[in-house]
4 protein chains.
Amino acid sequence: MLDPARKYFQCTDRERAIFEAGIKLGGIFHQYTGVPVNESNVTDIERVIEKSVLIQPFVKHVSVEINIGQSTSFQYTSLSGEMMDVRLTVEYNGQMVNARMHYVQDLNYPLMYLEE
Amino acid sequence: MLDPARKYFQCTDRERAIFEAGIKLGGIFHQYTGVPVNESNVTDIERVIEKSVLIQPFVKHVSVEINIGQSTSFQYTSLSGEMMDVRLTVEYNGQMVNARMHYVQDLNYPLMYLEE
Amino acid sequence: MLDPARKYFQCTDRERAIFEAGIKLGGIFHQYTGVPVNESNVTDIERVIEKSVLIQPFVKHVSVEINIGQSTSFQYTSLSGEMMDVRLTVEYNGQMVNARMHYVQDLNYPLMYLEE
Amino acid sequence: MLDPARKYFQCTDRERAIFEAGIKLGGIFHQYTGVPVNESNVTDIERVIEKSVLIQPFVKHVSVEINIGQSTSFQYTSLSGEMMDVRLTVEYNGQMVNARMHYVQDLNYPLMYLEE
């Protein structure tokens, strides 16, 4: 693992992995909110978000599912955080962290959290 | 052509096509600026922008080319307007308009304009 | 009016004003969708959008109103196009165009259109 | 501290604070990249970003400085991560974390990191 930025950090490897996971989830939410989406391009958007996350440092795995609800293919809507389910694994120096963002019914907003 | 919004407009069909072309180019610039990009996902981003534009009303054709310069596949950069070359054809009630956004050397910024 | 980009355009002055109005509205929608907003910062966001539009060429006037609904100041929501009411006047070479974006009940989406 | 989301997390309080700090920095970068900026609105943008971060949970303090370089007030540029210097303090259940994003010369990109 090559990390020229390491010297700037005062934290454990696990904390670093957690920080990077937060950065990625916050970035996904704010970058892609607003993209026009319907059934014809939803799968492409899922894949392009995944690929855009995977090129960032320390990302081991990412999956993105977008639930656009009952919209028809003749119309479109704006992508929002509520529609996204993102699962992310970040590894830093052997420390693995699983993070997720998805809409949580009892909170009524898309929660970003650390799993397991 | 079905256009339930027509009654809100006070303009010719060609003016409407021009307005819609402007909306799409302004939207592309501000939606996708910031997306992490390198050689491994640049083609996917081009296609996803095209598909996201094509689902919007009155868009007849769109092509997106992204020039990421000499970045290597081990690094990535943030997509910016300067990297994009977008060609767009909008048709409204038979009136066709060609618009484009690309970096113009002598202006030193990505210009959005109407072609031909 | 100084316009070094004029030579790139094949259109009337009014068409140019219309095109520029479309660019601005499309840009506003896609740039600010996703900003965290509640009663404590909504006025600041309105003003910053206005100022960010006013520095762009040919914009004569802009007003932005954001309707965040019944959210309380303890919580926040993500800014969406449905919440925005934008009135924009663009002038190009003496040609004035009034454009607007706001949520239209009978269309059920935020419409961008040319007024009067 | 009221945190209805706490039950979803499997981590220490400090790790939670670090995660939230990452979310905020990633979000700032991707939300505001692309905003038109020059000397006339740069201070307003700094303040609006700060206010938009402060309404999010567990944020204790935030300061944003934007360096637009030698641009004149007659022109404008697009806000980019390289221009931002963000200092952020997150507190979760008594655990304080200081994070920062700013352009780092020897890395040649805007680094997000944990301070002290």
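Residues numbered from 1 in each chain as written. Chains lettered and ligands numbered in written order. Predicted model: local features only at pLDDT ≥ 70, side-chain atom pairs only at ≥ 80, totals over all residues. Heavy atoms only, no water.

Mind laying out the sheet that holds strand 4 (residues 84-92) of chain A, listing which residues take part and the relevant values?
All names here are of chain A. Read from one edge to the other, the open sheet built from four strands follows the order 2-4-5-6, with strand pairing classed as antiparallel. With one partner strand each, in any of the chains shown, strand 2 (59-66) and strand 6 (109-115) form the two edges of the open sheet. With strand direction ignored, the average angle separating the axes of adjacent strands in the sheet is 10°. Pairing of strand 2 with strand 4 involves seven bridges; the strand directions are antiparallel. Bridge pairing in strand 4 places V64 opposite V86. (Pairing = 2+ DSSP bridges. Helix = DSSP H or I, 4+ residues; strand = E, 2+ residues; numbered from the N terminus. Axes fitted to C-alpha atoms, helices over the stretch in contact; angles between N-to-C directions.)

Now, about the interface of chain A and chain D: what can you tell me, with residues and values included?
Across the contact, 30 residues belong to chain A and 29 residues belong to chain D. In this assembly, chain A packs against chain D so that about 2600 Å² is buried in total across both faces, 66% of it on carbon and sulfur atoms. At the junction of chain A and chain D, the tally comes to four salt bridges. Summed over the shared surface of chain A and chain D, the number is 10 residue pairs in polar contact (both at pLDDT 80 or more). Mapped by element, the contributors of at least two residues to the side of chain A that touches chain D are helix 1 (13-32), strand 5 (95-104) and strand 6 of chain A. Element by element, the count of residues in the side of chain A that touches chain D is highest for helix 1 of chain A, at 12 residues. (Contact = heavy atoms within 4.5 Å. Buried area = accessible area lost by both parts, 1.4 Å probe. Salt bridge = Lys/Arg side-chain N within 4 Å of Asp/Glu carboxyl O. Polar contact = N/O pair within 3.5 Å; in protein donor to acceptor, adjacent residues only side chain to side chain.)

Which residues make up the relation of the copies chain B and chain C, and what values do they have?
For the match of chain B to chain C, the screw axis carries a shift of 0.0 Å, the RMSD comes to 0.0 Å, and the turn is 180°. The superposition of one copy onto the other is thereby described by a two-fold rotation axis. Take the interface residues of chain B: 100% of them recur as interface residues in chain C, which is what a same-surface contact looks like. (Least-squares fit on C-alpha atoms with pLDDT ≥ 70 in both.)

Describe the side chain of H102(D), with residues and values.
All names here are of chain D. Relative to the assigned elements, H102 resides in strand 5 (residues 95-104). Side-chain polar atoms of H102 contact the side chain of Y113, separated by 3.1 Å. Those residues in contact with H102 that lie beyond four places of it in its chain are M84, D85, Y109, P110, L111 and Y113.

How would you summarise the relation of the copies chain A and chain D if you had to cite specific residues and measurements?
For these two chains of identical sequence, chain A goes onto chain D by a turn of 180° and a shift of 0.0 Å along the axis, with RMSD 0.0 Å. When the interface residues of chain A are mapped onto chain D, 97% of them again lie at the interface, so the same face is used by both copies.

Can you break down the sheet that holds strand 2 (residues 59-66) of chain D residue by residue, with the values?
One key point about sheets: their strands pair by backbone hydrogen bonds, in either a parallel or an antiparallel sense. Residue and element names in this part refer to chain D. Pairing in this open sheet of four strands is antiparallel, and the strands run 2-4-5-6 from one edge to the other. Both edges of this open sheet fall to strand 2 and strand 6 (109-115), since each of them pairs with a single strand only. Across the sheet, the mean angle from the axis of one strand to that of its neighbour is 10°, orientation sign disregarded. Sheet contacts for helix 2 (residues 42-54): strand 2 and strand 4 (84-92); angle to strand 2, the most-contacted strand, approximately 160°.

Could you give an account of the packing of helix 2 (residues 42-54) of chain A against helix 2 (residues 42-54) of chain B, with specific residues and numbers?
Here helix 2 of chain A crosses helix 2 of chain B at 145°, and the two axes come no closer than 10 Å. As for the relative orientation of helix 2 of chain A and helix 2 of chain B, their crossing is left-handed in sense. Contacts between helix 2 of chain A and helix 2 of chain B involve D44(A), I45(A), V48(A), K51(A) and S52(A) from the first element and D44(B), I45(B), V48(B), K51(B) and S52(B) from the second. For the contact of helix 2 of chain A with helix 2 of chain B, a count of residues per class yields four nonpolar, two polar and four charged. (Left-handed = near helix turned anticlockwise from the far one by under 90°. Nonpolar A, V, L, I, M, F, W, Y, C, P; charged D, E, K, R; others polar.)

Break down the packing of helix 1 of chain A against helix 1 (residues 13-32) of chain D for me, citing the residues and quoting the values.
At a minimum axis separation of 6 Å, helix 1 of chain A and helix 1 of chain D run at an interaxial angle of 35°. For helix 1 of chain A against helix 1 of chain D, the interelement crossing comes out right-handed. Between helix 1 of chain A and helix 1 of chain D, the residues in contact are R14(A), E15(A), I18(A), F19(A), A21(A), G22(A), I23(A), L25(A), G26(A), G27(A), H30(A) and Q31(A) and R14(D), E15(D), I18(D), F19(D), A21(D), G22(D), I23(D), L25(D), G26(D), G27(D), H30(D) and Q31(D), respectively. Here the residues of the contact of helix 1 of chain A with helix 1 of chain D are counted per class, giving 10 nonpolar, 10 polar and four charged.

Function-wise, these values are silent; they only describe arrangement.
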